[in-house]
Amino acid sequence: MAINCRKCKHFFITWDTNAPYGCRIFGIKTKQMPSIEVFKSSGRECLKFEKKDEAPQKK
Ligand code: SF4
C-alpha cells in the first residue's frame, strides 16, 4: 500500500487543479498522492516520509 503523504511533513496542496498535490522533497506536483508517483517512477516506496507534527491537543 502506498505511503500516506497527507501525514508527511513534505506534503503540500498546490493551487493547480490538474495537479493538486505536491511533495517538497521530490519537487513534484501530482494528481494522485506523490508517493504513488514516486513508486511508479522508482519502483520503490518513498523513503523520505517524515511524520508531520500533530496539532497539540487541547486540555
Ligand atoms: S516525501 Fe514521500 S511521503 Fe512525503 S510527501 Fe513526498 S512522496 Fe509523500
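Residues numbered from 1 in each chain as written. Predicted model: local features only at pLDDT ≥ 70, side-chain atom pairs only at ≥ 80, totals over all residues. Heavy atoms only, no water.

When helices and strands are counted, the protein shows one helix and three strands. Secondary structure elements of the protein occur, N-terminal to C-terminal, as β-β-β-α. By principal-axis analysis of the C-alpha atoms, the protein measures approximately 45 × 25 × 20 Å. For the protein, the residues scored as buried account for 25% of the 59 residues in total. Contacts in the protein between residues at least 24 apart in sequence constitute 35% of all its contacts with a sequence separation of at least 6. (Helix = DSSP H or I, 4+ residues; strand = E, 2+ residues; numbered from the N terminus. Buried < 20%, exposed > 50% of the residue type's maximum accessible area, 1.4 Å probe, protein only. Contact = heavy atoms within 4.5 Å.)

The next subject is the side chain of threonine 30. By secondary structure assignment, the location of threonine 30 is in strand 3 (residues 28-30). Residue contacts for threonine 30: discarding those within four places in its chain leaves Ala19, Pro20, Tyr21 and Glu37.

This brings us to the site of the ligand. Neighbouring the ligand are the residues Ile3, Cys5, Cys8, His10, Phe11, Cys23, Pro34, Ser35, Val38, Cys46, Lys48 and Phe49. A breakdown of the residues in the shell around the ligand according to their chemical character gives nine nonpolar, two polar and one charged. (Near = heavy atom within 4 Å. Nonpolar A, V, L, I, M, F, W, Y, C, P; charged D, E, K, R; others polar.)

For the protein, per-residue confidence averages 93 on the pLDDT scale, and 97% of positions sit at 70 or higher. Predicted confidence in the protein is weakest over helix 1 (residues 34-42), with a mean pLDDT of 95, and strongest over strand 2 (residues 21-23), with 98. (pLDDT = per-residue confidence, 0-100.)

To continue, consider the pattern of salt bridges. What the rule picks out here adds up to three salt bridges. The closest approach of N and O atoms between glutamate 50 and lysine 9, which form a salt bridge, is 3.7 Å. In this pair, glutamate 50 sits in the segment after helix 1 while lysine 9 sits in the segment before strand 1 (11-13), placing the two residues 41 residues apart along the sequence. The exposure class of glutamate 50 is partly exposed, given its relative accessible area of 37%. Residue class for lysine 9 comes out partly exposed when judged on its relative accessible area of 37%. Here glutamate 54 makes a salt bridge to lysine 51, at a shortest N to O gap of 3.0 Å. In this structure, glutamate 54 and lysine 51 share a single accessibility class: exposed. (Salt bridge = Lys/Arg side-chain N within 4 Å of Asp/Glu carboxyl O.)

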